[in-house]
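The chain contents come next:
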Amino acid sequence: MTDIDQKIEKLLEVSRESVKCRHVFLDKKIESNESYRKQMNSYCDEILKHCDADIIDYLKTKPDSVKLHFGLGLWIRNNYIYKGLMHTLAPNADEESDEIIYYLIKYVCGEIKE
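Predicted, not measured: the structure shown is a model, and the values here were computed from it. (Residues numbered from 1 in each chain as written. Predicted model: local features only at pLDDT ≥ 70, side-chain atom pairs only at ≥ 80, totals over all residues. Heavy atoms only, no water.)

A. Region of the structure containing the overall build of the chain. Each helix and strand counted, the chain has five helices and zero strands in total. When its helices and strands are written in sequence order, the chain yields α-α-α-α-α. For the C-alpha atoms alone, the extent of the chain along its principal axes is close to 45 × 30 × 30 Å. Within the chain, the fraction of its 114 residues that count as buried is 39%. At a minimum sequence separation of 6, the contacts of the chain that also span at least 24 residues come to 72%. (Helix = DSSP H or I, 4+ residues; strand = E, 2+ residues; numbered from the N terminus. Buried < 20%, exposed > 50% of the residue type's maximum accessible area, 1.4 Å probe, protein only. Contact = heavy atoms within 4.5 Å.)

B. Fine view of the pattern of salt bridges. For the structure on display, the rule yields six salt bridges. Close ionic contact of Lys106 with Asp27 constitutes a salt bridge, the shortest N to O distance being 3.5 Å. Of this pair, Lys106 sits in helix α5 (residues 93–108) while Asp27 sits in helix α1 (residues 3–32), and the two are 79 residues apart along the sequence. Look at Lys106 and you get buried, because its relative accessible area is 14%. Sharing partners across several salt bridges, the network here consists of Asp27, Lys106 and Glu111. (Salt bridge = Lys/Arg side-chain N within 4 Å of Asp/Glu carboxyl O.)

C. Representation of the packing of aromatic side chains. Summed over the entire model, instances satisfying the criterion amount to three aromatic pairs. Both rings, one in Trp75 and one in Tyr80, keep their centres 5.5 Å apart while their planes meet at 75°; by these two values the pair is edge-to-face. The buried category is assigned to Tyr80, whose relative accessible area is 7%. An angle of 25° between the planes, with centres 6.5 Å apart, marks the rings of Tyr103 and Tyr107 as stacked. Here Tyr103 and its partner Tyr107 are both found in helix α5, four residues apart, which amounts to about one turn of the helix. Through pairs of rings, three or more aromatic residues link up here, namely Tyr36, Tyr103 and Tyr107. (Phe/Tyr/Trp six-rings, centres within 6.5 Å; stacked < 30°, edge-to-face > 60°.)

D. Up close: α5. The end-to-end C-alpha separation of α5 is 22 Å, in line with the 22 Å expected for 16 residues at 1.5 Å each. Most of α5 sits out of view: 13 of its 16 residues are buried. The residue sitting at the N-terminus of α5 and contributing the capping side-chain oxygen is Asn92; that oxygen lies 3.1 Å from the backbone nitrogen of Asp94. After α5 finishes, the residue Gly110 shows a positive phi value of roughly 75°. (Expected span 1.5 Å × (residues − 1). Polar contact = N/O pair within 3.5 Å; in protein donor to acceptor, adjacent residues only side chain to side chain.)

Structure (structure tokens):
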């Protein structure tokens, strides 16, 4: 791993720590709110229509919402959130896309219970 890679990984680790508390809250929301799960399931179904097997495999094998923020997250923000087609109660588009990606990872990994 190069020096630059190490610095980037260190920054990603700081970001992971900052979203960890939000993800604990989201886990409780996922468990307890059926209408939220239905809404998010429909978002996942829509997003997955545009994902090939490689992307789905990546979500399953490298479930890191922080690393996915600038690729998949940006695509979700540009194609759905900014157009008003997807929304959560998160205070901004970055956190909305993180919430959707976090849920999407759980969805493709079979962790969502109906």
